[in-house]
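Results of the structural survey
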Amino acid sequence: MSLEEKIGQTAQRGKSSRVKELPSELKEAVRKGEIGSFLNIMDKNDAKELQRIAVEESPSKIPLIFARDVIHGFKTIFPIPLGQAASFNPQIVKEGSRIAATEASTSGIRWTFAPMLDISRDPRWGRIAESAGEDPYLTSIMAKAYINGFQGDDLSSPTSIAACAKHFIGYGAAEGGRDYNTANINENSLHNTYLKPFKAAVDAGSATFMTSFNDLNGVPASANKYILKDILRDKWGFDGFVVSDWNSIIEMVNHGFAKDQKEAAKKAANAMLDMEMTSTSYQDHMKTLIEEKKFSENELDVMVKNILRIKFRLGLFDNPYFDPKDDILYSEHHLSKAKEAALESTVLLKNNNNILPISKSKKIAIIGPLANAPHEQLGTWTFDGEKEHTVTPLDAFKKDESYKILYSDGLSYSRDKSNKKFAEAIQIARSSDVVLFFAGEEAILSGEAHSRANLNLPGAQEELINELQKTGKPIVLVIMAGRPITLGNILDKVDAVVMAWHPGTMGGPALKDIITGVVTPSGKLPVTWPKEVGQIPMHYNHKNTGRPVIPEEFVHMDSIPIAAWQSSLGNTSHYLDAGYLPQYPFGYGLSYTNFTYSDINISSKTPKMGDTITVSIKVTNNGEIKAKETVQLYFRDMVGSLTRPIKELLRFEKIELAGGESKTIDFQFSTEDLSFYGPDKKWITESGDFKVWVAKHAHDETNEIEFTLE
Ligand code: BGC
């Protein structure tokens, strides 16, 4: 390969998803071997023609690889990733990404920019919607599920697509939840929290990685040798290739880390960032950098080999073209899996007086801007999903004549501030037995560059709920949103709360089944749900501090006596106004039945280093209906050479039990699973005291057991 061709392999070009026509200069560039990959080429004929030019007319006949953001479905849209994480069901996630891969590959796509594995502890950050939430273990399990689904058993199968673990790294720690912002992450948190899911991605065989936009502790991720070379390549042995994010190399000029694009290219190349997405700094400057000995052709060869290795593994050299037959799009099987995913992702947060499920005898008023919003319920990053195929909750109820429903949206869209339609909504509420209020955020309010400083229901939704409450009818609030929503102003006004996230194509039928009790909700929160924005960041796996909260001593500011003495208030880590608890903890979610946990047991109270430990628990479904439950195992390392979190998720298992049925679950883990990245920059398990809890959520300490590691 000539030097120009090698540089060409590092170039990913494309069009913005908004541009339809394929610029003719792109064909010419492929012919000269100047492009290695494309993104967002969605016209099948264009993709075929570009590939033909590459493999028949370019100097070395190297196939192109076509990429696309296939994040939670291609045409058949599954719940947003935050919702899928709430399923705590990796099998469903794997099946969903497998379906996404088979659908996307009918358009020639062999590479997706997913999964996003950024630990997200700040719901103001719009991209929390694309994440698996706040927990490194849950995110790691989801990472494996997505990657196995996208890549299948055999990456060279024409229906498999290469995964891309992104964004490496620290993007979710953006200051203040403002997108693209600085991430300051100390060594301890970097290894013990943020890197973990990415290590899981390497172990699961993720073919590619993407760098993030942010700077990490002062060094932009796209030129960060420590993470790209020392950790990803040298320590973890990653042998796929790394792509930049959109223009993230040249944005290092804005970061003030490179004086111009040439210097940005030099710094990124020196960190071994293999492929440049959209910007052309490698193309424009690599040759000169090599001539000036600021980079070597040998190093470029390593980058090109990384890229070609994945093209070989994808089988593109043997079979560069794709089968455009697309009768599988929106197939019955795909739709039923999307429905299953939406069912398992739905989290029941409140259910006073068992108002849910709603029986057929009740007359239902369906109200709210998300009740019939086919585009919105698909959520962020759904370039290809079509609203014409979406089934909304209103559609689902209308289709079933056994339900008596009345409908009025009350507000045209989530940000609508007008009360013009309130009267009609109130009217139908009055003539019904129960109100189903579909509230939330439109899809555009979460996702990239869509951070919010307030997390309440936008527009006049709270106002309308307040008005509806005055009718005296019970209200079931169903939320469709890309993040937790602060409910302080309305929580007491509603009888039930269901979190549906943005549930995707089949969200309507899934929600109808949950609301009417055909299926019992089983989702659990993958993220702490704050009461107020001011509490953020808030995550269950925080440190204890020197002055942890003593609940009995907490005094709310409304109860502080006037002219109180300065230190009469307990002096612990809390807010005077918002207290110390979130609205709902990580792992929380109700059911229509009642599960009890009993007979907790541990294989040894004094295990030795290297042992496998088993914690068992009996789980009983005390109700009459079949239901699923996610049983969670947490641990705490009581004393460490670095302070340890007050709780860490160690294992979970989702089980299904018939009414009255019991099952004993054995959670197994090794002492290595208790390790952390310590002060000596090594992973260590320290002997000493540990606590474990088998729990319904992160704040449940009913079933606790202690052990001492010798
Ligand atoms: C996003 C990436 C995405 C890329 C390509 C960027 O703006 O940060 O997550 O994969 O665009 O669309």
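These figures come from a predicted structure and were not determined experimentally. (Residues numbered from 1 in each chain as written. Predicted model: local features only at pLDDT ≥ 70, side-chain atom pairs only at ≥ 80, totals over all residues. Heavy atoms only, no water.)

**Focus on the overall build of the protein**
- The helix and strand tally for the protein stands at 18 helices and 25 strands.
- Its C-alpha radius of gyration of 26 Å places the protein within 12% of the 27 Å reference for a compact globule of 710 residues.
- Relative to its full complement of 710 residues, the protein shows a buried share of 59%.
- Across the protein, the fraction of contacts at a sequence separation of at least 24, relative to all contacts at a separation of at least 6, is 78%.
- Side-chain charges of the protein comprise 81 positive and 93 negative groups, with the mean position of each set lying 1 Å from the other. (Helix = DSSP H or I, 4+ residues; strand = E, 2+ residues; numbered from the N terminus. Rg over C-alpha atoms; globule rule 2.2 N^0.38 Å. Buried < 20%, exposed > 50% of the residue type's maximum accessible area, 1.4 Å probe, protein only. Contact = heavy atoms within 4.5 Å. Lys, Arg positive; Asp, Glu negative; His and termini not counted. Charge placed at Lys NZ, Arg CZ, Asp CG, Glu CD.)

**Observations concerning the side chain of D409**
- Along the chain, the position of D409 falls in the loop between β13 (404–408) and α16 (422–430).
- Judged by relative accessible area, D409 falls into the buried class, the value being 17%.
- The contacts of D409, once residues within four sequence positions are left out, are I367, G368, P369, K421 and L464.

**Overview of the site of the ligand**
- Taken together, 13 residues are adjacent to the ligand, and D69, R127, K166, H167 and D245 come closest.
- Contacts to the ligand include D69, whose side-chain N or O atom sits 2.4 Å from an oxygen atom.
- Between the ligand and R127, the relevant distance is 2.7 Å, taken from an oxygen atom to a side-chain nitrogen or oxygen of the residue.
- Relative to its unbound accessible surface of 310 Å², the ligand loses 94% to contact with the protein.
- Looking at the shell around the ligand, its residues break down into 7 nonpolar, 1 polar and 5 charged. (Near = heavy atom within 4 Å. Polar contact = N/O pair within 3.5 Å; in protein donor to acceptor, adjacent residues only side chain to side chain. Areas by Shrake-Rupley, 256 points an atom, 1.4 Å probe, with all protein chains shown as cover. Nonpolar A, V, L, I, M, F, W, Y, C, P; charged D, E, K, R; others polar.)

**Quick notes on the packing of helix α11 (residues 261–270) against helix α12 (residues 281–291)**
- It is the contact of α11 with α12, at a shortest axis distance of 9 Å, that shows an interaxial angle of 80 degrees. Between α11 and α12, the interaxial angle falls into the category roughly perpendicular. Here Q261, K262, A265, K266, A268 and A269 of α11 lie close against α12, whose contacting residues are S281, Y282, H285, M286, T288 and L289.
- Of the residues contributing to the contact of α11 with α12, the split by class is 6 nonpolar, 4 polar and 2 charged. (Axes fitted to C-alpha atoms, helices over the stretch in contact; angles between N-to-C directions. Parallel < 35°, antiparallel > 145°, perpendicular 65-115°, else oblique.)

**Looking at the pattern of salt bridges**
- Tallied over the full model, the rule gives 40 salt bridges.
- Measuring nitrogen to oxygen at the nearest pair gives 3.3 Å for the salt bridge that ties R52 to E56. Residue R52 and its partner E56 are located together in helix α3 (residues 44–57), separated by 4 residues, close to a single helical turn.
- Residue classification places E56 among the partly exposed residues on the basis of a relative accessible area of 45%.
- The salt bridge involving R52 is made with E57; its shortest N-O contact spans 3.0 Å. (Salt bridge = Lys/Arg side-chain N within 4 Å of Asp/Glu carboxyl O.)

**Things to note about the UniProt feature "domain: Fibronectin type III-like" (unreviewed entry) in the protein**
- As annotated by UniProt and renumbered to match this structure, "domain: Fibronectin type III-like" (unreviewed entry) occupies residues 629–698.
- Annotated as 0% helix and 57% strand, the span residues 629–698 places its first and last C-alpha atoms 15 Å apart. (UniProt positions renumbered as here; feature names shortened; annotations may be inferred.)

**Side note on the sheet that holds strand β1 (residues 11–14)**
- Overall, parallel pairing links the 5 strands, which are arranged β4-β3-β2-β1-β10 in an open sheet. In this open sheet, the two edge strands, each paired with only one partner strand, are β4 (111–112) and β10 (276–277).
- Pairing of β1 with strand β2 (residues 37–39), which is carried by 3 bridges, proceeds in the parallel orientation. The partner of G14 across the bridge, within β2, is L39. (Pairing = 2+ DSSP bridges.)

**Structural notes on the sheet that holds β13**
- The sheet built from 6 strands is open, its strands ordered β11-β16-β15-β14-β12-β13 with mixed pairing. Strand pairing shows two members of the sheet lacking a second neighbour, β11 (347–351) and β13, which therefore form its edges. Neighbouring strand axes in the sheet, compared pairwise and without regard to direction, differ in orientation by 20 degrees on average.
- Across 4 bridges, strand β12 (residues 363–367) lies against strand β14 (residues 434–440) in parallel orientation. Among the inter-strand pairings, I367 is bridged to a residue of β14, identified as F437.

**A closer look at helix α13 (residues 297–313)**
- Across its 17 residues, α13 extends 24 Å between first and last C-alpha, which sits within 8% of the 24 Å expected from 1.5 Å per residue.
- Of all the positions in α13, only L300, M303, V304, N306, I307, L308, I310 and K311 are classed as buried.
- Against α1 (3–9), β3 (65–68), α9 (225–235), β9 (241–243), α11 and α12 lie the buried residues of α13.
- Once α13 ends, the next one or two residues include G315, with phi positive near 75 degrees. (Expected span 1.5 Å × (residues − 1).)

**Quick notes on the nonpolar core**
- Ranked by size, the top nonpolar core spans 80 residues in total, and within it F168, I169, F209, Y282, M286 and L300 carry the most contacts.
- Here this core takes 7 residues from helix α6 (residues 136–151), the largest share from any one element.
- Those residues in contact with L300, other than ones at most four positions away along the chain, are L3, K6, I7, T10, M286, I290 and F295.
- If you look at the next biggest cluster of nonpolar residues, it comprises 40 residues, including L349, L468, I490 and W529. (Core = buried A, V, L, I, M, F, W, Y, C linked by side-chain atoms within 4.5 Å.)

**A look at the pairing of strand β16 (residues 496–499)**
- Taking every second residue as pointing to the same face, both faces of β16 are buried, with A496 and V498 on one and V497 and M499 on the other.
- As defined by bridge partners, β11 adjoins β16 across 4 bridges and the pair is classed as antiparallel. Bridge assignment links V347 to a residue of β16, and that residue is M499.
- The pairing of strand β15 (residues 475–480) with β16 spans 4 bridges and is parallel. Its bridge partner lying in β16, V478 is registered against V498.

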